[in-house]
Amino acid sequence: MTLEICHLYGNLMNTYGDNGNLLMLQYAAKSQNVKVNTTLVSLGDDFNADKYDIVFFGGGQDYEQSLVSKDIQTKKNELLKYIENDGVVIGICGGYQLLGHYYINASGQYLNGIGAIDFYSDSKSSTRLIGDITTYNQRFDITLYGYENHAGRTYLGKSVTPLGEIKEGYGNNGEDKTEGCMYKNTFCSYFHGPILVRNQALTKVIIDLALANMNRRQKYINA
Ligand code: GLN
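Residues numbered from 1 in each chain as written. Predicted model: local features only at pLDDT ≥ 70, side-chain atom pairs only at ≥ 80, totals over all residues. Heavy atoms only, no water.

A. Looking closely at the site of the ligand. In the neighbourhood of the ligand, 17 residues make up the surrounding shell, with Gly 60, Asp 62, Gln 65, Cys 93 and Gly 152 lying closest. Within the backbone of Gly 60, one N or O atom sits 2.9 Å away from an oxygen atom of the ligand. Contact between the ligand and His 192: a nitrogen atom at 3.2 Å from a side-chain N or O atom of the residue. Protein chains shield 99% of the accessible area of the ligand, which is 300 Å² for the free molecule. Contributing elements (two or more residues each) for the shell around the ligand: helix H2 (62–71), helix H4 (94–99) and strand S9 (142–150). For the shell around the ligand, the per-class residue count stands at four nonpolar, eleven polar and two charged. (Near = heavy atom within 4 Å. Polar contact = N/O pair within 3.5 Å; in protein donor to acceptor, adjacent residues only side chain to side chain. Areas by Shrake-Rupley, 256 points an atom, 1.4 Å probe, with all protein chains shown as cover. Helix = DSSP H or I, 4+ residues; strand = E, 2+ residues; numbered from the N terminus. Nonpolar A, V, L, I, M, F, W, Y, C, P; charged D, E, K, R; others polar.)

B. Structural detail: the sheet that holds strand S3 (residues 54–57). Taken in spatial order, the six strands of this open sheet run S2-S1-S3-S4-S14-S13, and their pairing is mixed. A strand with exactly one partner marks an edge of an open sheet, and here the two such strands are strand S2 (35–41) and strand S13 (181–183). Across the sheet, the axes of successive neighbouring strands diverge by a mean angle of 15°, strand direction being ignored. With three bridges connecting them, S13 and strand S14 (residues 186–189) associate as antiparallel partners. From the neighbouring strand, Tyr 183 faces S14, where its bridge partner is Thr 186. (Pairing = 2+ DSSP bridges. Axes fitted to C-alpha atoms, helices over the stretch in contact; angles between N-to-C directions.)

C. Looking closely at the nonpolar core. Of all hydrophobic cores here, the largest spans 59 residues; its most connected members are Leu 3, Phe 47, Ile 54 and Phe 57. A total of seven residues in this core trace back to one element, the largest contributor, which is helix H6 (residues 200–222). (Core = buried A, V, L, I, M, F, W, Y, C linked by side-chain atoms within 4.5 Å. Buried < 20%, exposed > 50% of the residue type's maximum accessible area, 1.4 Å probe, protein only.)

D. Geometry of the sheet that holds strand S11 (residues 164–168). Reading across from one edge, S9-S8-S11-S12 is the order of the four strands in this open sheet, with antiparallel pairing throughout. Across the chains shown, the open sheet's two edge strands, defined by having one partner strand only, are S9 and strand S12 (178–179). The sheet contact formed by strand S8 (residues 129–137) and S11 spans three bridges and is antiparallel. Bridge pairing links Tyr 136 to Glu 165 in S11.

E. Quick peek at the UniProt feature "binding site: substrate" (unreviewed entry) in the protein. Per the UniProt annotation, the sites labelled "binding site: substrate" (unreviewed entry) are Arg 128. Mapped onto the fold, Arg 128 is located in the loop between strand S7 (119–122) and S8. Residue Arg 128 is classed as partly exposed on the basis of its relative accessible area, which comes to 41%. Arg 128 has contacts with Asn 149, His 150 and Ala 151, leaving out every residue within four places of it along the chain. (UniProt positions renumbered as here; feature names shortened; annotations may be inferred. Contact = heavy atoms within 4.5 Å.)

Structural data, given as structure tokens:
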């Protein structure tokens with residue numbers, strides 16, 4: 001069986017070693033004797049919701065995000081279908097921001113997200129939120145360690161669960177002690193590091209979900 005990973009806009013959205021998350025996912029799957037196939041899906045490509053077990057969407061600069069914000073609208077319906085059908089997604093920083101309603105960047109430009117999850121991001125001030133960060137995820141009883149560097153401030157809708165509660169650092173907005181978010185099998189975070197290399201307990205949660213999806217997908221293909 002082959003675990004199918006989609007590296008969404010991986011040639012544009014790959015700041016601060018975020019691609020290390022892919023290496024970690026590949027390593028975790030191979031340690032369980034599962035083959036891995038990674039596909040780059042970028043500008044002008046189709047995203048097919050039925051094809052993947054994991055989507056990884058890394059961080060990026062404002063300029064790259066402006067290109068991605070336009071292109072991702074062409075993939076919006078399939079991405080929403082994938083997320084609603086419990087597909088596993090990891091969205092980091094700039095990728096995270098574009099999964100919400102919108103991101104207003106540091107120059108005040110309004111970038112559309114796909115509204116897959118109820119949150120929005122803006123850059124109220126010119127200061128960036130930079131430094132080491134530690135949070136606690138109650139659902140999985142995991143302390144998460146990382147590094148953040150973002151201008152955007154993210155505000156979650158009332159029904160959205162944060163990925164972690166801030167112990168050290170700024171997180172979503174530097175105000176409400178929340179960091180990232182979880183929705184179905186979509187996990188979003190401002191953590192670089194990369195998050196999955198520094199936090200192997202989270203990698204285990206994510207790979208287990210993805211392998212369960214892979215088994216379901218294969219059964220469906222073979223039916
Ligand atoms: N450009 C976005 C911001 O500054 C995202 C940055 C990132 O992905 N590191 O908030």
